[in-house]
Amino acid sequence: MDDVGGAGGVGGVRRRPVWSRDFGLFFVARAVARLGDTMLPVALAAGLLQHGYGAGAVGLAMASTAAAFAGLVVFGGVIADRFSTRKLMIGADLVRLGTQALAAVLFYSGHVVLWEICVIGFANGVAGAVFQPGVASTVPRLAADIQGANGAIRIAESAAQLAGPAVAGLLVGFASPGGVFAAHAATYAVSALCLLLLRLPATAPGAGGAGGAGHGTGASGAFRADLVEGWREFRARQWLWGVIAVWCLYMIAVWGPTVPLVATEVVQQHGPRAYGLVNSALGAGTVVGGFLALRLRPRRMLRAGAFALFAFVWFPAAVGAGLGVGAMAAGAAVAGAGMSFWGVMWATSVQTQVPPDVLNRLHAYDVAGSLAMMPVGQALAGPAASALGADHVLLTSAAISLAIPVALLAVPAIRGLVRADAVGAARVAGAGGTEGSGAGRRAASASLTAPAPSGRRDRRPAPSGGGPAAEEAGDPLP
């Protein structure tokens, strides 16, 4: 891994603590909501099967949520850049509190109609599309150490992902699927309460928020203008759209087929308990990756994250090769660690390299692009397995998973992107400040926090190559 700093920071910029009252509230909100989200598939499957529906109905109910989320999250990003993200997230949580409470009532009463469950799922997806873009801009406002904050949140979400299905199984066994939906509704109530208690610092002047772009063509014209501006900002950053383009291939050829085929192969050959063990190992690996992301401070975060992605090959390869349960669990753990480390590096890069006034929109493009191709990969997995055999498809996915980080590293703008705090330190050094002096430290702090004279961070694209030229000039990357 390249240019990895220790716990003391990068480039002489001293890291400040992650934890505060407000970040703690946001941390709890994310962890509890994630716990509820991982309980939902168990509740849907158990509840619908219990009322005479089949696997197709379960897939349709889940797809209604995913389709609404993927289709509307870009618009949610525009809305989040125009209004208070905190209020939008609270409103989205309250909507989901209501829909999941309604689902609990339907399952408790025995009145379960598939189209009604799909409508509830669609409403959840719409609320999620409004909620998710605001997450990206909230973390930088709450934590000075953005990478540390993302690492802590990743650890909590991974732990919740481990516990959620087990908790849901216990609730189904001792109560009913309706009990799981009631518990899921309660997680949104906790999340909304935590967000309500947040005290978010004010954004910099001109950094988005209520009022939008201020175009004189009315609300619809301003909304369209914001969409266009978001797309223009997205296209201006080669490292951003380059990663999303590669990630579409990853979803189609690697992650999309791996998830359903691993489940099928492990359950058929070793039983459901073995699949639970492999899944738990994957979750444990993501926790380890989160801890690594808390400690390691690479100067070029996307380069380091891309190297970590090589670890994913062991997950589909171990299952495709027909290895034992222990080897498959070990491969899943290594893969989870690599994926989790990449996730923190990517999230931190987006949050620190994108101007605050367009961050929600660009994060929405990121989410939409990352998720759009996953259903395609999942849909192709079955026909490909029928034609070639599931083991051959998994081995092919393993081979392609090695090509993904190679493709990322082949793009200069991606591999050369320097972390924002390192660029700030370079600016101070270029200005003639003495390393370690009080004036140099104050200048470094100012270079990382002060907006440009227009109220926005510098939007000039990085020179071709994405790293060395900008680094030598001390100019902030886009």
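Everything below is about the structure shown above.
Numbers given for residues are sequential positions, taken from 1 along each chain in its written order. It should be noted that, the model being predicted, local features are given only for residues of pLDDT at least 70 and side-chain atom pairs only at 80 or more, the latter also being counted only at that level, while totals for whole chains, interfaces and linings use all residues. Calculated side-chain values reflect all of the structure's heavy atoms, with hydrogen atoms and water omitted.

A. Focus on the overall build of the protein chain. We count a stretch as a helix when DSSP gives it H or I for four or more residues in a row; a strand needs E for two or more, and each element gets its number in order from the N terminus. Of the regular secondary structure elements, the protein chain holds 19 helices and four strands. Expressed as a percentage of the 478 residues in the protein chain, the buried residues total 51%. Counting only contacts in the protein chain whose residues sit at least 6 apart along the sequence, the fraction spanning at least 24 positions is 86%. Type-normalised accessible area, obtained with a 1.4 Å probe on protein chains alone, sets the label of each residue: buried when under 20%, exposed when over 50%, and partly exposed for intermediate values. Here, residues are in contact when the closest pair of their heavy atoms is within 4.5 Å.

B. Representation of the environment of threonine 258 in the model. With respect to the secondary-structure elements, threonine 258 resides in helix α8 (residues 238-270). In the structure, threonine 258 is positioned 123 residues away from alanine 381 in sequence and 8.1 Å away in space, judged by C-alpha atoms. Look past the residues within four positions of threonine 258 in its chain and what remains in contact with it is Phe312, Phe315, Pro316, Leu394 and Ser397.

C. Region of interest: the packing of aromatic side chains. Any pair of Phe, Tyr and Trp rings, taking the six-membered ring for Trp, is counted once the centres come within 6.5 Å. Such a pair is stacked with planes under 30 degrees apart, edge-to-face with planes over 60 apart, and tilted for the rest. A full pass over the atoms with the stated rule returns 10 aromatic pairs. Here the aromatic rings of tryptophan 247 and tyrosine 250 are separated by 4.3 Å at their centres, their planes lie at 20°, and the arrangement is stacked. With tryptophan 247 and tyrosine 250 both in helix α8 and three residues apart, this pair spans about one turn of that helix. Taking 5.6 Å as the distance between ring centres and 20° as the angle between the ring planes, the aromatic pair formed by tryptophan 247 and tryptophan 342 counts as stacked. Of this pair, tryptophan 247 sits in helix α8 while tryptophan 342 sits in helix α12 (residues 325-353), and the two are 95 residues apart along the sequence. There is no split in this pair, since tryptophan 247 and tryptophan 342 are both buried. Here the aromatic residues Trp239, Trp247, Tyr250, Trp255, Phe312, Phe315, Trp342 and Trp346 are joined through ring pairs into a cluster of three or more. Over the face of the ring belonging to phenylalanine 131 we find arginine 96, whose NZ or CZ atom lies 4.9 Å from the ring centre. Whether a charge sits over a ring depends on NZ of Lys or CZ of Arg being within 6 Å of the ring centre and within 35 degrees of the ring normal.

D. Structural context of α12. One less than the residue count of a helix, multiplied by 1.5 Å, gives the span that helix is expected to have. The end-to-end C-alpha distance of α12 is 42 Å, a good match for the 42 Å that 29 residues give at a rise of 1.5 Å each. Most of α12 sits inside the fold, with 22 of its 29 residues counted as buried.

Bear in mind that shape data such as this cannot, by itself, settle questions of function.
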